[in-house]
Each structure stands twice: as C-alpha cells, then as structure tokens.
Amino acid sequence: AEVAWVRIEGVGEVEYLSIYGKEEGVIDYEEEQFLSWMEEESDGSWLWRMTLVRVTRGMAGLYQCQVLLEDEPVSTRQVLLAVLDPSKVEHSTKYVITKQGGNITLDCTDFEGEDVNWTRLGDKSVVQSGKHLSLIRVDRSDSGIYICSLSGGSKTISLLVEHVPTITPTKPTISQSPGYPSSLSCQVTAVPVPAVSWYRLGSPQGPTMIKSQGDLSMVIDDYKDGRMTSRLIFYNVTQEDYGQYSCNATNIIGQASATVQLVFSPTPVLPGSSKGSGFSGNWFWIGLVNLIVFHSNCYGL
C-alpha cells in the first residue's frame, strides 16, 4: 500500500503532491511548496504529514489524503483550505523571522490605549512599555515569544532570528543486536527551516546519502520555534548496518553535521534500557495521516 497527498483540480482530475511507499520512501513532486514525511507517534501509530511552505492565495482549494492499492485510492479524507486576507484576520499569534545582526521593531498598535507592556514568555518582568518593542542587533538569544498586553487583551509574537543550523545527537552511540529495531536521532535547531538528510560514513566511495526504503526509514518530528528532531529508523538491524552515520542540516544561512554510530550488542537492547537502542514504541502500520497546516487527520489502511 501507498499513501499520497493530492490537490483536487476538477471532477476526476487530481494533482499528486507527494507519495510514500515502503520501497521508494517519500517522493515530493513540488518540493519548493510542499514537504511531506512519515513519522511514528508515541503510541506506535504512523503519521503521514505534509507542510505547505509559504502559503499563498493560489494554494486555496480542496486537498485529499489517499491510501492507494495498486495505484487506485481505497480510502480518502478531504480537507478544504481557505486562504484568508491577512488584513482582515485577528491573529492570536504572529510569527516574525529576522536576520541576525539586524534591528527589528515588534508592533502592537492594533490595541487601543497607551498603557501597553511587553513581556517575554518565561520572564515575568516587563521588557518595555509602549506599543512598539525595539530590539537592536538581534541574535539567537533574542528568539522567543513576546507578549504585548494591556487591560482587555493581549497578543503574542513569536520572534525567530535566522541562524545556521546546529545539530546535537540525542545519543552519540546506539547499541543493538541483529534482528531487532533501533533508531538514531539528532536534534536540529535552525531558522529558516532546514533540509535534513542522513549519510552512511566509512565507504571507500565516500559518504552515501540514505533514502527511506525497505527496512530503513527517515522521519522528522514537528518543526516548531526553530527546532526539530530527525530520526533514522532501522526496523530490522543487520550486520551491514553497523557503523557511523552523519546527520546533516542545511538552510540558506549555512549547514552543519553531527556523527552518530550504531554498534553491535551481544544481547538485544530493549526500550528504556540504559544502553539505549534509540527505539521506542511498537512497530505497527496503522495508517494515521495528518496534514499539519489544516490540523486534520486522515485514517486509512
């Protein structure tokens, strides 16, 4: 079985945006606008996700999640995307991305009254008073949630400062026996959103890029507030899988990498073990599918 995201163009007409199959992995047909990935939930279910990059009015329309058998849809879930005029929408949270080293002014002029205070989430002290909050020569430490408030209401602004990716392995060394599942993972911090990839190291031909196929899969957890976690999952570890791997992240600012290794264990390493297999949950295919932008689930299979 395969799963896909499509856009309905007309009666009987669809445009395939992305598709996932166990052998081929994820294929995105319009990577600049739509990014898809498969990931495992904490309860063992699987989540098929698609993110719309820089939503425009032209993206409005009907989207459909499909479960395919022999290229024919056997289960579907539809979601209607309406793109609103930003000037006519009251936002509870506003997202602002700015370049490192620049100056930025956060605006709260849509509130009536003059007694406006700015605070930063996690810090109760008032950062500044007034309808504007000016930040000079911003860097990564200025990223965060800012709240402008006065009697009668408040507004939150999430400020993200552009920076090169940084990568931290969740565990630098993972142990497992042949025939058991395991996973390597790395935490990536970057603004704007980076492209994350995994490479196998140690080959005479040099680093080899890994693709989701067979008993190997790559998943990415939610990108939120400049952070994400990428995992390389081994459903059935073999002798050939042992070795060093590189987690790489690249955005328009720069790139970074970190090394993680999978090593042999004479005894199986179970979830929760101090040795760490990197694996958690049950390996079931439940077919839970979710489209992040629309907060809609699609259940199939």
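Parameters and conventions
- Residues numbered from 1 in each chain as written.
- Predicted model: local features only at pLDDT ≥ 70, side-chain atom pairs only at ≥ 80, totals over all residues.
- Heavy atoms only, no water.
- Core = buried A, V, L, I, M, F, W, Y, C linked by side-chain atoms within 4.5 Å.
- Buried < 20%, exposed > 50% of the residue type's maximum accessible area, 1.4 Å probe, protein only.
- Helix = DSSP H or I, 4+ residues; strand = E, 2+ residues; numbered from the N terminus.
- Contact = heavy atoms within 4.5 Å.
- Pairing = 2+ DSSP bridges.
- Axes fitted to C-alpha atoms, helices over the stretch in contact; angles between N-to-C directions.
- Lys, Arg positive; Asp, Glu negative; His and termini not counted.
- Salt bridge = Lys/Arg side-chain N within 4 Å of Asp/Glu carboxyl O.
- Patch = residues over 30% accessible without salt bridge, like charges linked within 9 Å, V, L, I, M, F, W, Y side chains within 5 Å.
- Areas by Shrake-Rupley, 256 points an atom, 1.4 Å probe, with all protein chains shown as cover.
- Disulfide = S-S within 2.5 Å.

Draft legend 1. Quick peek at the nonpolar core. Residues Ile167, Leu184, Trp198, Leu232, Phe234, Tyr245 and Leu262 are the most contacted members of the largest nonpolar core, which totals 23 residues. Only β17 (182-191), β18 (195-200), β20 (216-220), β21 (227-234), β22 (243-250) and β23 (255-264) provide two or more residues apiece to this core. The biggest single contributor to this core is β23, with four residues. Apart from the residues within four sequence positions on either side, leucine 184 is in contact with Ile174, Trp198, Ser230, Arg231, Leu232, Phe234, Tyr245, Val260, Gln261 and Leu262. Counting 17 residues, the second largest nonpolar core, distinct from the first, contains Phe34, Tyr63, Cys65 and Val67.

Draft legend 2. Up close: the sheet that holds strand β16 (residues 173-176). Pairing within the open sheet is mixed, and its five strands lie in the order β16-β23-β22-β18-β19. Two strands close off the open sheet at either side, each with one partner strand: β16 and β19 (208-209).

Draft legend 3. Structural view of the sheet that holds strand β1 (residues 2-10). Spatially, five strands are ordered β3-β2-β1-β6-β7 in an open sheet, and the strand pairing comes out antiparallel. In the strand order of this sheet, the two ends are held by β3 (25-28) and β7 (72-81), each with one partner. Shown here is a sheet whose adjacent strand axes are inclined to one another by a mean of 25°, direction ignored. The sheet contact formed by β1 and strand β2 (residues 13-21) spans eight bridges and is antiparallel. In the sheet register, glutamate 2 faces β2, and the bridge partner there is glycine 21.

Draft legend 4. Structural view of the side chain of aspartate 241. Among the secondary structure elements, aspartate 241 is positioned in the loop between β21 and β22. An unpaired buried charge is present at aspartate 241: no salt bridge exists, and arginine 200, the closest side chain of opposite charge, is 5.1 Å distant. Apart from the residues lying within four places of it in its own chain, the contact partners of aspartate 241 are Arg200, Phe234, Asn236 and Leu262.

Draft legend 5. Layout of a nonpolar patch on the surface. There is a patch of nonpolar side chains on the surface, built from Val14, Tyr16, Ile27 and Tyr29 and spanning about 330 Å² of accessible area. As for its placement among the helices and strands, tyrosine 16 is situated in strand β2.

Draft legend 6. A look at the pattern of salt bridges. Evaluation of the coordinates by the stated rule reveals two salt bridges. Across the pair arginine 7 and glutamate 15 runs a salt bridge whose closest N-O atoms are separated by 2.8 Å. The buried category is assigned to arginine 7, whose relative accessible area is 13%. Between glutamate 162 and lysine 99 there is a salt bridge, with its nearest N and O atoms 3.3 Å apart. Pair noted here: glutamate 162 is in the loop between β14 (153-161) and β15 (163-169) and lysine 99 is in the loop between β8 (93-98) and β9 (104-107), with a separation of 63 residues, a long-range link.

Draft legend 7. Local environment of the state of the cysteines. Counted according to the given criterion, the structure contains two disulfides. Each sulfur of the disulfide joining cysteine 108 and cysteine 148 lies 1.8 Å from the other. Across the S-S bond of cysteine 108 and cysteine 148 the torsion is about 60°, and the bridge reads as right-handed. Linking cysteine 108 in the loop between β9 and β10 (117-120) with cysteine 148 in strand β13 (residues 144-150), this pair joins segments that are 40 residues apart in sequence. Note on cysteine connectivity: cysteine 186 is disulfide-linked to cysteine 247, with sulfurs 1.9 Å apart. Remark: cysteine 247 occurs in strand β22 and cysteine 186 occurs in strand β17; sequence separation between them is 61 residues. Cysteine 247 carries the same exposure label as cysteine 186, and that label is buried. Counting only the cysteines that form disulfides, in the order they appear in the protein, gives the pairing 1-2, 3-4.

Geometry only, nothing functional implied.
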